[in-house]
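Analysis of the macromolecular model
For reference, the chains in residue letters:
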Amino acid sequence: MQHLLVDARNAIYRAVYAVRADHRPGVKYHYFVALLRQMTNWMNRLRPTSVSVCWDAPRATVWRRAALQTYKDRSDSNYVEGLAEDITLTTEVAREFFRVMNVRQLSRKQMEADDLLYAAVSVLHPKKSIIVSTDSDMVQIPYRFSSCSVFHPVEMEEVPVPCCNPAHLKALMGDNADSIDGYYGIGPKKGQALLENPTDLQEFLKLKGAKTFHLNLLLIDLGMCPRILANTLYAQRALAEPVTFDKGEINKLIMQHKVNGLQQEFADLVLPFKNLG
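Described below are features of the structure shown in this document.

Basis of the calculations
- Residues numbered from 1 in each chain as written.
- Predicted model: local features only at pLDDT ≥ 70, side-chain atom pairs only at ≥ 80, totals over all residues.
- Heavy atoms only, no water.
- Helix = DSSP H or I, 4+ residues; strand = E, 2+ residues; numbered from the N terminus.
- Rg over C-alpha atoms; globule rule 2.2 N^0.38 Å.
- Buried < 20%, exposed > 50% of the residue type's maximum accessible area, 1.4 Å probe, protein only.
- Contact = heavy atoms within 4.5 Å.
- Lys, Arg positive; Asp, Glu negative; His and termini not counted.
- Charge placed at Lys NZ, Arg CZ, Asp CG, Glu CD.
- Expected span 1.5 Å × (residues − 1).
- Arc of directions from axis to C-beta.
- Phe/Tyr/Trp six-rings, centres within 6.5 Å; stacked < 30°, edge-to-face > 60°.
- Pairing = 2+ DSSP bridges.
- Axes fitted to C-alpha atoms, helices over the stretch in contact; angles between N-to-C directions.
- Core = buried A, V, L, I, M, F, W, Y, C linked by side-chain atoms within 4.5 Å.
- Parallel < 35°, antiparallel > 145°, perpendicular 65-115°, else oblique.
- Left-handed = near helix turned anticlockwise from the far one by under 90°.
- Nonpolar A, V, L, I, M, F, W, Y, C, P; charged D, E, K, R; others polar.
- Disulfide = S-S within 2.5 Å.
- Salt bridge = Lys/Arg side-chain N within 4 Å of Asp/Glu carboxyl O.

**Observations regarding the overall build of the protein chain**
Broken down by element type, the protein chain carries 13 helices and eight strands. The C-alpha atoms of the protein chain give a radius of gyration of 20 Å, which matches the 19 Å a tight globule of 277 residues would have. Dimensions of the protein chain, computed from C-alpha atoms along their principal axes, come out at roughly 65 × 45 × 30 Å. Evaluated residue by residue, the protein chain yields a buried proportion of 49% over its 277 residues. Sequence separation of 24 or more characterises 72% of the internal contacts of the protein chain that already satisfy a separation of 6 or more. For the protein chain, the separation between the mean place of its 33 positive charges and that of its 30 negative charges on side chains is 3 Å.

Here it is in structure tokens:
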């Protein structure tokens, strides 16, 4: 038994990007079709018995913003900004479809997908689970839970689990992608060397100040989420919920949302979800 856990927004971003970047002549496929192509590809490769997707709360509302006001305040490129509306619309469509496609959906107020994926894995452990995401933060989950692995959907391979705590390493280095500042001059090599020698780390934090390290751990280490217990109880209920596959409702949604290309690929992109539990 193997559970597939998908970082939903991460996957939708790549689906939208792929369709927008396809400049071949002809009619464009719907973004949701591109998403299902990705997902069925993973399913064919990884052979899961269940599929769950985890959704991010809106960026401005996530709990980490209360700890660090500038969290994820990054100036995206114009191209990325241009994808935002398409990502939002595809998210709405995907939520409706997954409701009748045997896919469990996890979302909570103020929580990011990372928090919910961590909670889901903790509930499923020691059963095997696979997280699909390009987010480098995810590797801390298999570092903590040996029953879990992270599958990189671009490289199409399992992400190696590091020998030192990846959350502690990022707490020292910072994370530019999330606008989290680290210690000047600390990169992967120096950070790992400090983590391998507790005395050196203690002296370093005494010299440079431990406040940044502790704040960064709160932001980065998924096991330190203040609502971890509530998330775990929620994941326990959500993963136990029965799922539904309704071909009639799926066909209605195809017509309602004008999902170009899905009827033609119905057998390949929809029916594989029928036997999930």
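**What to know about helix H11 (residues 228-240)**
Within an α-helix, residues lying three or four positions from one another point in the same direction, as the helix has 3.6 residues per turn. With 13 residues, H11 extends 18 Å from end C-alpha to end C-alpha; this agrees with the ideal 18 Å at 1.5 Å per step. For H11, the set of buried residues is Asn231, Tyr234, Ala235, Ala238 and Leu239. Buried residues along H11 cover an arc of 125° about the axis, so they all sit on one side. Facing away from the buried surface of H11 by more than 90 degrees, the exposed residues are Leu229, Arg237 and Ala240. Of the surrounding elements, those touching the buried residues of H11 are strand S2 (50-54), strand S3 (103-106) and helix H5 (113-124).

**Side note on the packing of aromatic side chains**
With the rule as written, the count across this model stands at five aromatic pairs. Here the aromatic residues Phe32, Phe97 and Phe98 are joined through ring pairs into a cluster of three or more.

**Quick word on the sheet that holds strand S1 (residues 2-7)**
One open sheet accounts for six strands, arranged S3-S2-S1-S4-S5-S6; its pairing is mixed. In this open sheet, the two edge strands, each paired with only one partner strand, are S3 and strand S6 (157-158). Bridge count between strand S5 (residues 148-152) and S6: two bridges; the pairing is antiparallel. Within the sheet, the bridge partner assigned to Phe151 lies in S6 and is Glu158. Packing of helix H1 (residues 8-21) onto the sheet brings it into contact with S1 and S2, and relative to S1 it is tilted by some 65°. Against the sheet, helix H2 (residues 31-46) makes contact with S1, S2, strand S4 (128-132) and S5, and its axis sits at roughly 155° relative to S1, the strand it touches most.

**As for the nonpolar core**
Counting residues in each nonpolar core, the largest one holds 45 residues, and the members touching the most others are Phe32, Phe97, Phe98 and Leu262. Broken down by secondary-structure element, the contributors of at least two residues to this core are S1, H1, H2, S2, helix H4 (78-98), S4, helix H12 (247-257) and helix H13 (266-269). Here this core gets 10 residues from one element, more than from any other, and that element is H2.

**A word on the packing of H5 against H11**
At a minimum axis distance of 8 Å, the contact between H5 and H11 shows a crossing angle of 65°. On the basis of the axis angle, H5 is roughly perpendicular to H11. You can see that H5 and H11 cross each other, and the crossing is right-handed. Only Ile228, Asn231, Thr232, Tyr234, Ala235, Gln236 and Leu239 of H11 make contact with H5, whose side of the interface consists of Asp115, Leu116, Tyr118, Ala119, Ala120, Ser122, Val123 and Leu124. Of the residues that constitute the contact of H5 with H11, the class distribution is 10 nonpolar, four polar and one charged.

**Thoughts on the state of the cysteines**
Applying the stated criterion to the full structure yields zero disulfides. Cys54 takes part in no disulfide bond, and the closest cysteine sulfur, belonging to Cys148, lies 11 Å away.

**A look at the pattern of salt bridges**
Across all of its chains, the model carries 10 salt bridges by this definition. For Arg37, the salt bridge goes to Glu265, with nearest N and O atoms at 2.5 Å. A residue pair is termed long-range when its members are at least 10 positions apart, and Arg37 in helix H2 and Glu265 in the loop between H12 and H13 qualify at 228 residues. Arg37 sits in the partly exposed class, given a relative accessible area of 32%. Here Asp73 and Arg65 are joined by a salt bridge, their closest N and O atoms 2.8 Å apart. Among the charged side chains, a salt-bridge network with shared partners connects Arg64, Lys72, Glu112 and Asp115.

**A few points about unusual backbone geometry**
Residues His125 and Pro126 are joined by a peptide bond in cis, for which omega reads 15°. Mapped onto the elements of the fold, Pro126 is located in the loop between H5 and S4. Of note in this structure, Asn102 is not a glycine but carries a positive phi near 65°. Turning to its location among the elements, Asn102 is positioned in the loop between H4 and S3.

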